[in-house]
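Notes for the structure review
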Amino acid sequence: MTSQPLNIGFVGLGVMGAPMAGQLIKAGHQLFVHTRGKMPAAIAGSSATQCVSARGVAERADFMILMVPDTPDVEAALFSDKGIAAGLSAGKVVIDMSSISPIATKAFAQKINALGCDYLDAPVSGGEVGAKNATLSIMVGGPEATFERVKPLFALMGKNITLVGGNGDGQTAKVANQIIVALNIEAVAEALLFAAKAGADPARVRQALMGGFAASKILEVHGERMVRRTFAPGFRIALHQKDLNLALSSARALGVALPNTAMAQELFNSCVAHGGKAWDHSAMVRALEMMAHFEIGQQAA
């Protein structure tokens, strides 16, 4: 499929969307793009065709990719008067790579299917670094035949590409991913704060732990952020809050208790209360530091 250029639409060119679209452009595909904010310079200066609406994207492209912040944004991009659905014709494929509600996703897929088009939910993990390096993990929900058609495009943006199940299952996998990430951030934050308060060098503690059973990507990347105090996103706390809201609301509907997820959300809420909604999610450690009246970088008394 990637041996010849394809007409691909891309709606949403933010921190994640712009580098993802850039990978497709670099591979030689013709992109038709639309974004709500300012067009990124890298995309504006590329071969991509800018469209005044999502409808215009859908009229020109055969594959439509969405990468927008939340469930209402996807709904608007798809079904507003100038949305994607208004420009679709039978046989096209809509691919939502945003992280949104699994329940809403199933409803969106049914409406797109009714127009004679296929739908995949394909949220990603790996952050801005993964988008720039084309190493994203991509969790896909939808028909297997459609997945196989689109997989070569996914391979231009990511490495670990998995068909999880039907529509909505990709989003369910992403919610599960965000639960694990949040709880790992909290665990690393507690451990490094404890070590620093006890008088140990947190950088050396982190280095020692990376060689044992506690090693993880969170300890490697976010542990370093905590030690170095580099909390520019990355992945904003506000977006992780959104994902944990999806987890907690879905869990209530399923009758499942997620006590530690709720606790992690409260720590994020504390950060936001102190002006931190745009901090990187590794800055969850600041909520714990405020309770301890001690920062990882300072000297123990």
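See the structure above.
No experiment lies behind these values; they were computed from the predicted model shown.

**Quick word on the overall build of the protein chain**
On a plain count of helices and strands, the protein chain comes out with 14 helices and nine strands. For the protein chain, whose C-alpha radius of gyration is 20 Å, the value lies close to the compact-globule estimate of 19 Å for 301 residues. C-alpha extents for the protein chain along the principal axes are approximately 65 × 45 × 35 Å. For the protein chain, the proportion of its 301 residues judged to be buried stands at 50%. Put simply, the protein chain shows about 13,600 Å² of open surface, and 55% of that area lies on carbon and sulfur atoms. Here the protein chain holds 26 positive side-chain charges and 23 negative ones, and the gap between their average locations is 5 Å.

**Comments concerning the nonpolar core**
Burial of nonpolar side chains together is a common tendency in soluble globular proteins. If you look at the biggest cluster of nonpolar residues, it comprises 34 residues, and the most contacted ones within it are F10, M20, I95, M97 and F154. Elements with a contribution of two residues or more to this core: β1 (7-11), α1 (17-26), β2 (30-34), β4 (63-66), β5 (93-96), β8 (136-141) and α8 (144-157). Filtering out sequence-adjacent residues up to four positions away, I95 remains in contact with F63, M64, I65, L66, L120, A122, V150 and F154.

**Some remarks on helix α11 (residues 217-228)**
Taking 1.5 Å as the rise per residue, α11 with 12 residues should run 16 Å; its terminal C-alpha atoms sit 16 Å apart, in good agreement. Within α11 the residues assigned to the buried category are I218, L219, H222, G223, R225 and M226. Summarising the axial view, the buried residues of α11 lie within an arc of 155°, below the 170-degree limit, and thus occupy one face. Among the exposed residues of α11, those pointing more than 90 degrees away from its buried face are K217 and R228.

**Examining the side chain of N167**
Mapped onto the fold, N167 is located in the loop between β9 (158-165) and α9 (169-197). Residue classification places N167 among the buried residues on the basis of a relative accessible area of 19%. One polar contact links N167 to D121, side chain to side chain, over a distance of 3.3 Å. In terms of polar contacts, N167 uses its side chain to reach the backbone carbonyl oxygen of G141, at 3.2 Å.

**Observations concerning the packing of aromatic side chains**
Throughout the structure, instances matching the rule amount to two aromatic pairs. Ring centres of F147 and F154 lie 6.4 Å apart, and the angle between their planes is 35°; on these two criteria the pair is classed as tilted. Geometry around F79 places K111 over its ring, the cationic atom sitting 4.1 Å from the centre.

**As for helix α14 (residues 285-292)**
For α14, the complete set of buried residues consists of V285, A287, L288 and E289. Where α14 is buried, its residues contact α9, α11 and α13 (259-273). Looking one or two places after α14, you find H293, whose phi comes out positive at around 55°.

Basis of the calculations
- Residues numbered from 1 in each chain as written.
- Predicted model: local features only at pLDDT ≥ 70, side-chain atom pairs only at ≥ 80, totals over all residues.
- Heavy atoms only, no water.
- Helix = DSSP H or I, 4+ residues; strand = E, 2+ residues; numbered from the N terminus.
- Rg over C-alpha atoms; globule rule 2.2 N^0.38 Å.
- Buried < 20%, exposed > 50% of the residue type's maximum accessible area, 1.4 Å probe, protein only.
- Areas by Shrake-Rupley, 256 points an atom, 1.4 Å probe, with all protein chains shown as cover.
- Lys, Arg positive; Asp, Glu negative; His and termini not counted.
- Charge placed at Lys NZ, Arg CZ, Asp CG, Glu CD.
- Core = buried A, V, L, I, M, F, W, Y, C linked by side-chain atoms within 4.5 Å.
- Contact = heavy atoms within 4.5 Å.
- Expected span 1.5 Å × (residues − 1).
- Arc of directions from axis to C-beta.
- Polar contact = N/O pair within 3.5 Å; in protein donor to acceptor, adjacent residues only side chain to side chain.
- Phe/Tyr/Trp six-rings, centres within 6.5 Å; stacked < 30°, edge-to-face > 60°.
- Lys NZ or Arg CZ within 6 Å of the ring centre and 35° of its normal.

Structural measurements only, silent on function.
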